[in-house]
Amino acid sequence: MSKPKVGFYWCASCGGCEEAVVDLAEAILDVVNAVDIVFWPVALDFKRSDLENMKDGEMAVCFVNGAIRTSEQEEMAELLRSKSQLLVAFGSCSQLGGIPGMANFFTRESILAKVYNDAPTVVNSEGTRPQEETTVAEGILPLPAFAPTVRTLDQTVEVDYYLPGCPPPVKLIAGAVTAILESKLPPKGSILAPNVALCDECPRKETKPDKLLVKEFKRPHQIQIDPQKCLLDQGLLCMGPATRSGCEAACIGGNMPCTGCLGPTDDIIDYGGKALSAMASILDSNDEQEIARLLNQIADPAGTFYRYCLPASLLHRSILPAKNGGVKV
Amino acid sequence: MFDTHDPETRKTFEPRIVAFFCNWCTYTAADLAGTSRMTYEPNVRVVRLMCSGRLDPQFVLHAFRQGCDGVLIGGCHSGDCHYQEGNHKAFRRYTLLKRLLTQMGIEEERLRLEWISASEGDKVRSVINEMCEQLRRLGPLRLERRPELRHTSVNQPDRVTVEVGGGSQ
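So, here's what we can say about the structure.

1. Considering the overall build of chain A
For chain A, the count of helices and strands is 11 helices and 9 strands. Computed over its C-alpha atoms, the radius of gyration of chain A comes to 22 Å, within 12% of the 20 Å expected for a compact globule of 329 residues. Expressed as lengths along the three principal axes of its C-alpha atoms, the size of chain A is roughly 70 × 55 × 35 Å. Taken over 329 residues, chain A has a buried fraction of 51%. By sequence separation, contacts in chain A at least 24 residues apart represent 72% of the contacts at least 6 residues apart.

Right under this line is the structure:
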(Lines give C-alpha, C1' and ligand atoms only; values in the text may rest on other atoms or scores of the structure.)
Protein backbone atom coordinates (compact mmCIF):
# COMPACT_ATOMS: atom_id res chain seq x y z
CA MET A 1 0.00 0.00 0.00
CA SER A 2 1.42 3.39 -0.92
CA LYS A 3 1.84 5.98 1.79
CA PRO A 4 -0.54 8.97 1.93
CA LYS A 5 0.88 12.07 0.30
CA VAL A 6 1.12 15.19 2.43
CA GLY A 7 1.91 18.83 1.64
CA PHE A 8 2.76 21.95 3.63
CA TYR A 9 2.53 25.49 2.40
CA TRP A 10 2.73 29.02 3.79
CA CYS A 11 1.02 32.23 2.80
CA ALA A 12 1.11 35.48 4.84
CA SER A 13 2.86 34.18 7.95
CA CYS A 14 6.13 34.38 9.85
CA GLY A 15 7.43 30.83 9.48
CA GLY A 16 6.69 29.91 13.08
CA CYS A 17 4.14 27.32 11.94
CA GLU A 18 6.80 25.59 9.82
CA GLU A 19 8.99 25.65 12.91
CA ALA A 20 6.20 23.99 14.88
CA VAL A 21 6.26 21.06 12.45
CA VAL A 22 9.99 20.68 13.07
CA ASP A 23 9.26 20.93 16.81
CA LEU A 24 7.63 17.52 16.56
CA ALA A 25 11.30 16.50 17.11
CA GLU A 26 11.77 12.71 17.04
CA ALA A 27 8.07 12.24 16.37
CA ILE A 28 8.61 13.76 12.92
CA LEU A 29 10.48 10.56 11.99
CA ASP A 30 7.30 8.58 12.64
CA VAL A 31 5.41 11.03 10.46
CA VAL A 32 7.98 10.73 7.68
CA ASN A 33 7.77 6.94 7.92
CA ALA A 34 4.01 7.03 7.65
CA VAL A 35 3.58 9.63 4.89
CA ASP A 36 5.23 10.91 1.75
CA ILE A 37 5.92 14.63 1.88
CA VAL A 38 5.32 15.68 -1.70
CA PHE A 39 5.24 19.46 -1.33
CA TRP A 40 6.98 21.62 1.31
CA PRO A 41 8.79 24.54 -0.34
CA VAL A 42 10.08 25.97 2.94
CA ALA A 43 12.05 22.87 3.85
CA LEU A 44 12.60 21.01 0.59
CA ASP A 45 13.09 21.98 -3.03
CA PHE A 46 9.62 22.02 -4.56
CA LYS A 47 8.33 24.34 -7.23
CA ARG A 48 4.86 25.43 -8.17
CA SER A 49 5.14 23.27 -11.31
CA ASP A 50 5.47 20.17 -9.09
CA LEU A 51 2.11 21.02 -7.63
CA GLU A 52 0.56 21.84 -11.00
CA ASN A 53 1.67 18.45 -12.33
CA MET A 54 -0.19 16.57 -9.58
CA LYS A 55 -3.57 15.02 -10.24
CA ASP A 56 -6.60 16.49 -8.51
CA GLY A 57 -6.89 15.09 -4.99
CA GLU A 58 -3.48 13.47 -5.23
CA MET A 59 -2.42 14.72 -1.82
CA ALA A 60 -4.29 13.12 1.06
CA VAL A 61 -3.91 16.22 3.16
CA CYS A 62 -2.31 19.63 2.87
CA PHE A 63 -1.54 21.90 5.82
CA VAL A 64 -1.67 25.57 4.88
CA ASN A 65 -0.51 28.27 7.26
CA GLY A 66 -0.71 32.02 6.80
CA ALA A 67 -3.39 34.50 5.87
CA ILE A 68 -4.26 35.46 2.29
CA ARG A 69 -3.17 38.90 1.12
CA THR A 70 -1.61 38.64 -2.33
CA SER A 71 -2.95 37.30 -5.61
CA GLU A 72 -0.20 34.67 -5.57
CA GLN A 73 -1.34 33.38 -2.17
CA GLU A 74 -4.89 33.16 -3.45
CA GLU A 75 -3.81 31.22 -6.54
CA MET A 76 -1.73 28.83 -4.44
CA ALA A 77 -4.61 28.29 -2.01
CA GLU A 78 -6.89 27.37 -4.94
CA LEU A 79 -4.28 25.09 -6.45
CA LEU A 80 -3.61 23.34 -3.12
CA ARG A 81 -7.33 22.94 -2.57
CA SER A 82 -7.81 21.14 -5.86
CA LYS A 83 -4.80 18.87 -5.35
CA SER A 84 -5.74 17.84 -1.78
CA GLN A 85 -8.47 15.63 -0.38
CA LEU A 86 -8.28 17.43 2.93
CA LEU A 87 -7.20 21.02 3.40
CA VAL A 88 -6.24 21.97 6.94
CA ALA A 89 -5.97 25.62 7.99
CA PHE A 90 -2.83 25.45 10.11
CA GLY A 91 -2.32 28.15 12.74
CA SER A 92 -4.00 31.41 13.72
CA CYS A 93 -3.19 33.28 10.50
CA SER A 94 -4.89 30.85 8.17
CA GLN A 95 -7.73 30.10 10.62
CA LEU A 96 -8.51 33.66 11.79
CA GLY A 97 -6.17 36.08 10.03
CA GLY A 98 -3.58 36.15 12.81
CA ILE A 99 -1.03 38.89 13.36
CA PRO A 100 -0.88 39.79 9.62
CA GLY A 101 -4.66 40.22 9.87
CA MET A 102 -4.14 43.29 12.03
CA ALA A 103 -3.24 45.03 8.76
CA ASN A 104 -7.03 45.25 8.38
CA PHE A 105 -6.90 48.18 10.82
CA PHE A 106 -5.17 50.14 8.05
CA THR A 107 -5.78 50.94 4.43
CA ARG A 108 -3.69 49.40 1.69
CA GLU A 109 -2.42 52.85 0.76
CA SER A 110 -1.36 53.78 4.30
CA ILE A 111 0.59 50.50 4.63
CA LEU A 112 2.42 51.06 1.34
CA ALA A 113 3.12 54.71 2.23
CA LYS A 114 4.55 53.71 5.61
CA VAL A 115 6.69 50.86 4.33
CA TYR A 116 7.98 52.41 1.10
CA ASN A 117 8.09 56.11 1.96
CA ASP A 118 7.56 57.26 5.51
CA ALA A 119 9.39 54.80 7.76
CA PRO A 120 12.44 56.57 9.27
CA THR A 121 14.81 53.93 7.96
CA VAL A 122 13.59 54.13 4.36
CA VAL A 123 15.43 56.07 1.67
CA ASN A 124 13.30 56.03 -1.46
CA SER A 125 13.81 59.34 -3.22
CA GLU A 126 12.34 58.02 -6.45
CA GLY A 127 9.19 56.92 -4.64
CA THR A 128 9.41 53.36 -5.95
CA ARG A 129 6.39 51.26 -5.13
CA PRO A 130 5.70 47.57 -5.73
CA GLN A 131 4.51 46.95 -9.27
CA GLU A 132 2.26 44.25 -10.67
CA GLU A 133 4.46 43.65 -13.66
CA THR A 134 8.05 44.13 -14.65
CA THR A 135 9.75 44.23 -18.03
CA VAL A 136 12.78 42.04 -18.61
CA ALA A 137 14.66 41.14 -21.79
CA GLU A 138 12.36 38.17 -22.42
CA GLY A 139 9.17 40.19 -22.06
CA ILE A 140 6.75 41.29 -19.36
CA LEU A 141 6.57 39.31 -16.12
CA PRO A 142 3.51 39.50 -13.87
CA LEU A 143 4.06 40.01 -10.13
CA PRO A 144 1.68 39.31 -7.23
CA ALA A 145 -0.90 42.01 -6.53
CA PHE A 146 -1.31 43.30 -2.96
CA ALA A 147 -5.00 43.04 -2.05
CA PRO A 148 -6.81 45.82 -0.12
CA THR A 149 -7.72 43.43 2.71
CA VAL A 150 -6.37 40.36 4.51
CA ARG A 151 -8.54 37.24 4.34
CA THR A 152 -8.53 33.95 6.20
CA LEU A 153 -8.00 30.73 4.31
CA ASP A 154 -11.69 29.77 4.63
CA GLN A 155 -12.69 33.15 3.21
CA THR A 156 -10.74 32.12 0.11
CA VAL A 157 -11.17 28.37 -0.43
CA GLU A 158 -13.09 25.58 1.25
CA VAL A 159 -11.36 24.35 4.38
CA ASP A 160 -11.95 20.93 5.97
CA TYR A 161 -10.24 21.26 9.36
CA TYR A 162 -8.56 23.82 11.53
CA LEU A 163 -5.48 23.51 13.71
CA PRO A 164 -5.51 26.63 15.90
CA GLY A 165 -2.64 28.37 17.65
CA CYS A 166 0.29 30.67 17.04
CA PRO A 167 1.85 28.27 16.28
CA PRO A 168 -0.36 25.19 16.82
CA PRO A 169 0.86 23.28 19.88
CA VAL A 170 2.89 20.16 19.03
CA LYS A 171 0.42 17.99 20.92
CA LEU A 172 -2.46 19.17 18.71
CA ILE A 173 -0.42 18.65 15.54
CA ALA A 174 0.53 15.13 16.61
CA GLY A 175 -3.10 14.42 17.51
CA ALA A 176 -4.30 15.67 14.13
CA VAL A 177 -1.74 13.64 12.19
CA THR A 178 -2.64 10.52 14.15
CA ALA A 179 -6.35 11.11 13.59
CA ILE A 180 -5.76 11.46 9.84
CA LEU A 181 -3.59 8.35 9.62
CA GLU A 182 -6.01 6.26 11.67
CA SER A 183 -9.09 7.72 9.93
CA LYS A 184 -10.48 8.93 13.25
CA LEU A 185 -11.26 12.46 12.20
CA PRO A 186 -14.25 14.34 13.64
CA PRO A 187 -16.91 15.79 11.30
CA LYS A 188 -15.59 18.15 8.64
CA GLY A 189 -15.40 21.79 9.63
CA SER A 190 -14.17 20.89 13.13
CA ILE A 191 -11.41 22.64 14.97
CA LEU A 192 -8.92 19.98 16.05
CA ALA A 193 -8.57 21.17 19.66
CA PRO A 194 -10.62 20.88 22.87
CA ASN A 195 -13.81 22.96 22.95
CA VAL A 196 -13.34 24.47 26.41
CA ALA A 197 -11.86 27.74 27.59
CA LEU A 198 -8.21 27.94 28.55
CA CYS A 199 -9.07 28.67 32.21
CA ASP A 200 -10.26 25.07 32.37
CA GLU A 201 -6.74 23.69 31.95
CA CYS A 202 -4.92 26.58 33.60
CA PRO A 203 -2.54 25.49 36.38
CA ARG A 204 -3.56 28.62 38.34
CA LYS A 205 -7.27 27.77 38.18
CA GLU A 206 -7.47 27.16 41.93
CA THR A 207 -6.22 30.68 42.71
CA LYS A 208 -9.02 32.34 40.72
CA PRO A 209 -11.46 33.85 43.23
CA ASP A 210 -15.13 32.87 43.06
CA LYS A 211 -16.05 36.42 42.26
CA LEU A 212 -13.31 37.86 40.13
CA LEU A 213 -13.08 41.65 40.44
CA VAL A 214 -10.13 43.91 39.69
CA LYS A 215 -9.48 47.47 40.85
CA GLU A 216 -7.18 48.33 37.98
CA PHE A 217 -5.91 46.95 34.69
CA LYS A 218 -2.18 46.59 34.38
CA ARG A 219 0.25 45.73 31.64
CA PRO A 220 2.89 43.03 32.18
CA HIS A 221 5.81 45.48 32.30
CA GLN A 222 4.17 47.56 35.03
CA ILE A 223 4.13 44.97 37.79
CA GLN A 224 6.12 42.18 39.33
CA ILE A 225 3.94 39.25 38.28
CA ASP A 226 3.18 36.70 40.98
CA PRO A 227 4.06 33.33 39.37
CA GLN A 228 1.37 31.39 41.27
CA LYS A 229 -1.70 33.61 41.26
CA CYS A 230 -4.44 33.92 38.61
CA LEU A 231 -3.24 36.59 36.19
CA LEU A 232 -6.68 38.18 35.85
CA ASP A 233 -6.80 38.55 39.60
CA GLN A 234 -3.53 40.50 39.31
CA GLY A 235 -5.22 42.94 36.91
CA LEU A 236 -3.55 41.61 33.77
CA LEU A 237 -5.59 41.15 30.59
CA CYS A 238 -5.44 37.38 30.34
CA MET A 239 -7.66 36.14 27.49
CA GLY A 240 -8.10 32.71 29.05
CA PRO A 241 -11.88 33.02 29.66
CA ALA A 242 -12.61 33.60 25.94
CA THR A 243 -9.90 31.46 24.40
CA ARG A 244 -9.90 27.81 23.39
CA SER A 245 -7.64 25.51 25.36
CA GLY A 246 -5.19 23.05 23.88
CA CYS A 247 -1.89 24.81 24.50
CA GLU A 248 -1.59 23.53 28.07
CA ALA A 249 -1.40 27.18 29.16
CA ALA A 250 2.09 27.59 27.73
CA CYS A 251 2.20 31.39 28.12
CA ILE A 252 0.86 31.23 31.66
CA GLY A 253 3.63 28.71 32.36
CA GLY A 254 6.04 31.43 31.24
CA ASN A 255 4.32 33.85 33.64
CA MET A 256 2.71 35.82 30.83
CA PRO A 257 -1.02 36.34 30.22
CA CYS A 258 -2.83 34.53 27.41
CA THR A 259 -3.13 36.69 24.29
CA GLY A 260 -5.78 34.53 22.66
CA CYS A 261 -3.95 32.80 19.80
CA LEU A 262 -6.07 29.64 19.85
CA GLY A 263 -9.08 31.76 19.06
CA PRO A 264 -12.68 31.33 20.17
CA THR A 265 -14.47 28.22 21.36
CA ASP A 266 -17.32 26.92 19.17
CA ASP A 267 -20.04 28.98 20.89
CA ILE A 268 -18.43 32.35 20.25
CA ILE A 269 -19.34 34.19 17.06
CA ASP A 270 -17.04 37.17 17.57
CA TYR A 271 -13.94 36.57 19.66
CA GLY A 272 -13.16 40.25 20.23
CA GLY A 273 -16.69 41.01 21.44
CA LYS A 274 -16.60 38.10 23.86
CA ALA A 275 -13.12 38.87 25.18
CA LEU A 276 -14.08 42.51 25.63
CA SER A 277 -17.17 41.45 27.53
CA ALA A 278 -15.16 39.22 29.86
CA MET A 279 -12.56 41.88 30.62
CA ALA A 280 -14.96 44.81 31.10
CA SER A 281 -17.19 42.76 33.41
CA ILE A 282 -14.51 42.11 36.02
CA LEU A 283 -13.80 45.78 36.65
CA ASP A 284 -14.70 46.52 40.24
CA SER A 285 -16.42 49.88 39.93
CA ASN A 286 -19.98 51.13 39.60
CA ASP A 287 -19.13 54.79 39.15
CA GLU A 288 -19.46 55.89 35.54
CA GLN A 289 -16.56 58.32 35.52
CA GLU A 290 -14.29 55.93 37.33
CA ILE A 291 -15.24 53.12 34.92
CA ALA A 292 -14.31 55.27 31.94
CA ARG A 293 -11.01 56.25 33.56
CA LEU A 294 -10.06 52.69 34.54
CA LEU A 295 -11.02 51.26 31.15
CA ASN A 296 -8.66 53.78 29.57
CA GLN A 297 -5.89 51.70 31.13
CA ILE A 298 -6.57 49.27 28.29
CA ALA A 299 -4.48 51.12 25.75
CA ASP A 300 -5.68 49.54 22.52
CA PRO A 301 -8.96 47.60 22.90
CA ALA A 302 -9.36 46.64 19.24
CA GLY A 303 -5.74 45.54 18.88
CA THR A 304 -5.88 43.62 22.15
CA PHE A 305 -9.13 41.77 21.56
CA TYR A 306 -8.70 41.21 17.81
CA ARG A 307 -4.97 40.48 17.98
CA TYR A 308 -5.29 37.18 16.11
CA CYS A 309 -8.72 37.34 14.54
CA LEU A 310 -9.61 40.65 12.90
CA PRO A 311 -10.29 39.24 9.39
CA ALA A 312 -12.50 36.49 10.89
CA SER A 313 -14.40 38.95 13.10
CA LEU A 314 -17.91 40.22 12.34
CA LEU A 315 -16.60 43.62 11.30
CA HIS A 316 -13.78 41.98 9.24
CA ARG A 317 -11.79 45.21 8.98
CA SER A 318 -11.92 48.88 9.87
CA ILE A 319 -14.08 51.06 7.66
CA LEU A 320 -12.22 52.43 4.67
CA PRO A 321 -11.94 56.21 4.36
CA ALA A 322 -14.71 58.04 2.52
CA LYS A 323 -17.15 55.19 3.12
CA ASN A 324 -18.76 56.76 6.15
CA GLY A 325 -19.32 60.34 5.20
CA GLY A 326 -15.72 60.77 4.17
CA VAL A 327 -13.80 60.14 7.40
CA LYS A 328 -10.11 60.43 6.58
CA VAL A 329 -7.86 57.91 8.32
CA MET B 1 -26.68 50.91 -2.13
CA PHE B 2 -26.59 54.29 -0.50
CA ASP B 3 -24.05 56.90 -1.36
CA THR B 4 -23.58 59.07 1.71
CA HIS B 5 -22.22 61.94 -0.35
CA ASP B 6 -25.23 62.10 -2.59
CA PRO B 7 -27.62 64.79 -1.32
CA GLU B 8 -30.60 62.91 -2.77
CA THR B 9 -29.69 59.80 -0.75
CA ARG B 10 -29.37 61.93 2.34
CA LYS B 11 -32.92 63.11 1.82
CA THR B 12 -34.40 59.63 1.40
CA PHE B 13 -32.24 57.66 3.82
CA GLU B 14 -34.05 56.24 6.84
CA PRO B 15 -31.80 54.76 9.53
CA ARG B 16 -32.44 51.34 11.02
CA ILE B 17 -31.96 51.22 14.77
CA VAL B 18 -31.86 48.09 16.91
CA ALA B 19 -32.81 48.86 20.51
CA PHE B 20 -32.01 46.48 23.35
CA PHE B 21 -34.34 47.36 26.21
CA CYS B 22 -34.34 46.00 29.74
CA ASN B 23 -37.58 44.22 30.64
CA TRP B 24 -38.00 46.01 33.99
CA CYS B 25 -37.54 49.63 33.01
CA THR B 26 -36.94 50.81 29.45
CA TYR B 27 -39.14 48.18 27.83
CA THR B 28 -41.92 49.04 30.25
CA ALA B 29 -41.30 52.72 29.50
CA ALA B 30 -41.67 52.02 25.78
CA ASP B 31 -44.93 50.26 26.62
CA LEU B 32 -46.01 53.31 28.57
CA ALA B 33 -45.15 55.54 25.61
CA GLY B 34 -47.43 53.32 23.53
CA THR B 35 -50.37 53.25 25.92
CA SER B 36 -50.00 57.02 26.38
CA ARG B 37 -50.36 57.32 22.60
CA MET B 38 -47.07 59.10 22.16
CA THR B 39 -45.75 58.98 18.62
CA TYR B 40 -42.12 58.50 17.80
CA GLU B 41 -40.01 57.60 14.79
CA PRO B 42 -40.76 54.10 13.46
CA ASN B 43 -37.10 53.36 12.67
CA VAL B 44 -36.45 51.39 15.79
CA ARG B 45 -36.68 47.61 16.26
CA VAL B 46 -36.92 46.80 19.94
CA VAL B 47 -35.40 43.64 21.39
CA ARG B 48 -36.43 42.90 24.96
CA LEU B 49 -33.74 41.63 27.31
CA MET B 50 -34.29 40.66 30.92
CA CYS B 51 -31.53 43.08 31.90
CA SER B 52 -29.17 45.44 30.11
CA GLY B 53 -26.45 43.31 31.72
CA ARG B 54 -27.54 40.52 29.36
CA LEU B 55 -26.29 42.57 26.44
CA ASP B 56 -23.35 40.71 24.99
CA PRO B 57 -21.16 43.04 22.89
CA GLN B 58 -21.46 40.38 20.18
CA PHE B 59 -25.14 41.37 19.81
CA VAL B 60 -24.13 44.91 18.90
CA LEU B 61 -21.48 43.77 16.43
CA HIS B 62 -23.94 41.30 14.92
CA ALA B 63 -26.60 44.00 14.55
CA PHE B 64 -24.14 46.25 12.71
CA ARG B 65 -23.08 43.35 10.49
CA GLN B 66 -26.74 42.60 9.71
CA GLY B 67 -27.16 46.11 8.38
CA CYS B 68 -28.41 48.33 11.16
CA ASP B 69 -27.15 51.92 11.34
CA GLY B 70 -27.32 52.41 15.09
CA VAL B 71 -27.76 50.47 18.32
CA LEU B 72 -29.57 51.84 21.35
CA ILE B 73 -29.28 50.24 24.78
CA GLY B 74 -31.84 51.05 27.47
CA GLY B 75 -31.38 50.09 31.11
CA CYS B 76 -32.35 51.03 34.67
CA HIS B 77 -30.94 54.05 36.43
CA SER B 78 -28.00 53.48 38.76
CA GLY B 79 -29.16 51.67 41.90
CA ASP B 80 -32.45 50.54 40.31
CA CYS B 81 -31.30 47.32 38.63
CA HIS B 82 -33.68 44.45 39.29
CA TYR B 83 -30.61 42.20 39.51
CA GLN B 84 -28.66 44.74 41.60
CA GLU B 85 -25.78 45.57 39.26
CA GLY B 86 -26.52 44.32 35.74
CA ASN B 87 -26.78 47.89 34.49
CA HIS B 88 -23.31 48.71 35.83
CA LYS B 89 -21.92 45.71 33.98
CA ALA B 90 -23.67 46.94 30.85
CA PHE B 91 -22.08 50.34 31.29
CA ARG B 92 -18.59 48.85 31.60
CA ARG B 93 -19.02 46.80 28.42
CA TYR B 94 -20.61 49.70 26.57
CA THR B 95 -17.77 52.06 27.48
CA LEU B 96 -15.08 49.69 26.24
CA LEU B 97 -17.07 48.63 23.18
CA LYS B 98 -17.52 52.23 22.14
CA ARG B 99 -13.76 52.74 22.13
CA LEU B 100 -13.31 49.57 20.08
CA LEU B 101 -15.93 50.69 17.55
CA THR B 102 -14.26 54.08 17.22
CA GLN B 103 -11.00 52.30 16.42
CA MET B 104 -12.85 50.38 13.72
CA GLY B 105 -14.01 53.64 12.14
CA ILE B 106 -17.61 53.47 13.42
CA GLU B 107 -18.84 56.82 14.69
CA GLU B 108 -19.65 56.96 18.37
CA GLU B 109 -23.16 58.28 17.76
CA ARG B 110 -24.06 54.86 16.36
CA LEU B 111 -23.96 53.27 19.80
CA ARG B 112 -25.94 54.91 22.57
CA LEU B 113 -26.84 53.92 26.10
CA GLU B 114 -29.61 55.59 28.10
CA TRP B 115 -30.95 54.95 31.56
CA ILE B 116 -34.75 55.10 31.25
CA SER B 117 -37.01 54.10 34.13
CA ALA B 118 -40.45 52.48 33.69
CA SER B 119 -42.18 55.83 34.20
CA GLU B 120 -40.16 57.73 31.60
CA GLY B 121 -42.19 57.01 28.48
CA ASP B 122 -41.48 60.48 27.23
CA LYS B 123 -37.73 59.91 27.45
CA VAL B 124 -38.08 56.84 25.20
CA ARG B 125 -39.74 59.05 22.63
CA SER B 126 -37.21 61.88 22.83
CA VAL B 127 -34.16 59.58 22.81
CA ILE B 128 -35.40 57.62 19.78
CA ASN B 129 -36.32 60.77 17.88
CA GLU B 130 -33.00 62.38 18.68
CA MET B 131 -30.95 59.33 17.72
CA CYS B 132 -32.89 58.97 14.50
CA GLU B 133 -32.16 62.55 13.57
CA GLN B 134 -28.45 62.14 14.37
CA LEU B 135 -28.23 59.01 12.23
CA ARG B 136 -30.04 60.70 9.37
CA ARG B 137 -27.36 63.35 9.39
CA LEU B 138 -24.61 60.74 9.68
CA GLY B 139 -25.93 58.59 6.83
CA PRO B 140 -25.91 54.82 6.52
CA LEU B 141 -23.27 52.66 8.17
CA ARG B 142 -21.23 51.14 5.42
CA LEU B 143 -19.20 48.23 6.71
CA GLU B 144 -16.74 46.52 4.45
CA ARG B 145 -18.06 43.31 2.96
CA ARG B 146 -17.03 40.22 4.88
CA PRO B 147 -16.11 37.35 2.54
CA GLU B 148 -18.36 34.31 2.72
CA LEU B 149 -17.04 31.45 4.80
CA ARG B 150 -16.07 28.50 2.66
CA HIS B 151 -15.52 25.83 5.26
CA THR B 152 -17.13 22.46 4.88
CA SER B 153 -20.44 22.16 6.64
CA VAL B 154 -20.28 20.38 9.97
CA ASN B 155 -23.30 18.28 8.91
CA GLN B 156 -21.17 15.59 7.39
CA PRO B 157 -20.79 11.89 8.10
CA ASP B 158 -19.15 11.31 11.46
CA ARG B 159 -16.25 9.38 10.04
CA VAL B 160 -13.97 10.95 7.53
CA THR B 161 -11.55 8.70 5.73
CA VAL B 162 -8.72 9.65 3.47
CA GLU B 163 -7.99 7.65 0.39
CA VAL B 164 -4.37 6.61 0.80
CA GLY B 165 -2.23 7.62 -2.16
CA GLY B 166 -5.36 9.06 -3.69
CA GLY B 167 -5.47 9.86 -7.37
CA SER B 168 -2.02 8.43 -8.13
CA GLN B 169 -3.16 5.03 -9.43
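2. Section: the overall build of chain B
Each helix and strand in chain B was counted, giving 5 helices and 4 strands. Residue pairs at least 24 apart in sequence account for 78% of intrachain contacts in chain B once pairs closer than 6 positions are excluded. By element, 48% of the accessible surface of chain B is carried by carbon and sulfur atoms, the whole surface being about 8,400 Å².

3. Details of the sheet that holds strand E1 (residues 17–22) of chain B
Residue and element names in this part refer to chain B. The strand order E2-E1-E3-E4 describes an open sheet built from 4 strands, whose pairing is parallel. Each edge of the open sheet is held by one strand with a lone partner, namely strand E2 (44–49) and strand E4 (111–115). With strand direction ignored, the average angle separating the axes of adjacent strands in the sheet is 20°. Relative to E2, E1 runs parallel, the two being bridged by 6 bridges. By the bridge assignment for E2, Val18 is matched with Arg45. Each of E1, E2, strand E3 (70–75) and E4 touches helix H3 (residues 57–65); the most contacted strand, E3, lies at about 150° to it.

4. Thoughts on the layout of surface pockets
Within this model, the second largest pocket holds a volume of roughly 340 Å³. Considered class by class, the residues forming the lining of the second largest pocket number 10 nonpolar, 3 polar and 4 charged.

5. Some remarks on the side chain of Arg204 of chain A
Residue and element names in this part refer to chain A. Turning to its location among the elements, Arg204 is positioned in the loop between helix H7 (170–181) and helix H8 (250–253). Lacking a salt bridge, the buried Arg204 has Asp226 as its closest oppositely charged neighbour, with an N-O distance of 5.9 Å. For Arg204, the side chain forms a polar contact with the main-chain oxygen of Asp226, separated by 3.1 Å. In contact with Arg204, other than residues within four places in its own chain, are Asp226, Pro227, Gln228, Lys229, Cys230, Leu231, Gln234, Ile252 and Asn255.

6. Brief notes about empty space enclosed by the protein
All names here are of chain A. Enumeration according to the criterion identifies 4 cavities of 30 Å³ or more in this entry. The volume enclosed by the largest cavity comes to roughly 120 Å³. Taken together, Leu198, Cys199, Cys202, Arg204, Lys205, Lys208, Cys230, Leu231, Leu232, Cys238, Gly240 and Ile252 make up the full set of residues lining the largest cavity. Residues belonging to the lining of the largest cavity are distributed by class as follows: 8 nonpolar, 1 polar and 3 charged.

7. What to know about H7 of chain A
Residues and elements named next belong to chain A. Between its first and last C-alpha, H7 extends 16 Å over 12 residues, near the 16 Å set by a 1.5 Å rise per residue. Where the residues of H7 are buried, they touch helix H1 (16–22), helix H2 (27–34), strand E3 (59–65), strand E5 (84–90) and strand E9 (161–163). Directly after H7, the chain includes Ser183, whose backbone phi takes a positive value near 55°.

8. Some details on the pattern of salt bridges
Taken as a whole, this structure holds 25 salt bridges over all chains when the rule is applied. When the shortest N-O distance is used, the salt bridge between Asp56 of chain B and Lys274 of chain A registers 2.7 Å. Linking Asp56 of chain B in the loop between E2 and H3 with Lys274 of chain A in helix H9 (residues 271–281), this pair reaches from one chain into another. For Asp56 of chain B, a relative accessible area of 6% gives the class buried. For the salt bridge of Arg125 of chain B with Asp122 of chain B, the shortest nitrogen-to-oxygen distance reads 2.6 Å. Residue Arg125 of chain B and its partner Asp122 of chain B are located together in helix H5 (residues 121–138), separated by 3 residues, close to a single helical turn. Under the relative-accessibility criterion, Asp122 of chain B is labelled partly exposed at 38%. Salt bridges linked by common partners bring Glu14, Glu41, Glu133, Arg136 and Arg137 of chain B together as one network.

9. Some thoughts on the packing of H3 of chain B against helix H4 (residues 86–103) of chain B
Residues and elements named next belong to chain B. Taken N-terminus to C-terminus, the directions of H3 and H4 make an angle of 40°; their axes are 10 Å apart at the nearest point. Considering only the axes of H3 and H4, their crossing is right-handed. Across from Pro57, Val60, Leu61 and Phe64 in H3, the residues of H4 making contact are Arg93, Leu97 and Leu101.

Calculation rules
- Residues take numbers from 1 onward in each chain, read along the sequence in its written order.
- Each chain is given a letter, starting from A, and each ligand a number, starting from 1, according to the order in which they appear as written.
- Given that the model is predicted, a residue must reach a pLDDT of at least 70 before its local features are reported, and side-chain atom pairs must reach 80 or more before they are shown or counted; all residues, however, enter totals for whole chains, interfaces and linings.
- With hydrogens and water set aside, each side-chain value is computed from the structure's full complement of heavy atoms.
- Only DSSP runs of H or I covering at least 4 residues are called helices, and only runs of E covering at least 2 are called strands; the numbering of each starts at the N terminus.
- For the radius of gyration, the atom set is restricted to C-alpha positions; the globular benchmark scales as 2.2 Å times the number of residues to the power 0.38.
- We call a residue buried when its accessible area falls under 20% of the maximum for its residue type, exposed when it is over 50%, and partly exposed in between, using a 1.4 Å probe and counting protein chains only.
- By definition, residues are in contact when any of their heavy atoms lie within 4.5 Å.
- Accessible surface area values rest on a Shrake-Rupley calculation with a 1.4 Å probe, where residue burial reflects the displayed protein chains alone.
- Only when DSSP finds a minimum of two bridges between them are two strands counted as paired.
- All axes are obtained by fitting lines to C-alpha atoms, using only the stretch in contact for helices, and the reported angles, taken between N-to-C directions, cover 0 to 180 degrees.
- The way it works is a 1 Å grid over only the protein atoms, where trapped points that fit a 1.4 Å probe form a cavity and open points with protein on both sides within 12 Å along at least five of seven lines form a pocket, and then any residue with an atom within 4 Å of a point lines it.
- Grid points are joined across faces, edges and corners, and a volume is the space filled by probe spheres set on the points.
- Classes in brief: Ala, Val, Leu, Ile, Met, Phe, Trp, Tyr, Cys and Pro nonpolar; Asp, Glu, Lys and Arg charged; the others, Gly included, polar.
- Charge counting treats Lys and Arg as positive and Asp and Glu as negative, with His and both chain ends excluded.
- Should a side-chain nitrogen of Lys or Arg be within 4 Å of a carboxyl oxygen of Asp or Glu, the pair is scored as a salt bridge.
- Pairs of N or O atoms within 3.5 Å make up the polar contacts considered here, provided that, within protein, one atom can donate a hydrogen while the other can accept it, and that residues adjacent in sequence are counted only when both atoms are side-chain atoms.
- To estimate how far a helix should extend, the number of its residues minus one is multiplied by 1.5 Å.
- Helix crossings are classified by the rotation of the near helix relative to the far one: an anticlockwise turn of less than a right angle makes the crossing left-handed, while a clockwise turn makes it right-handed.

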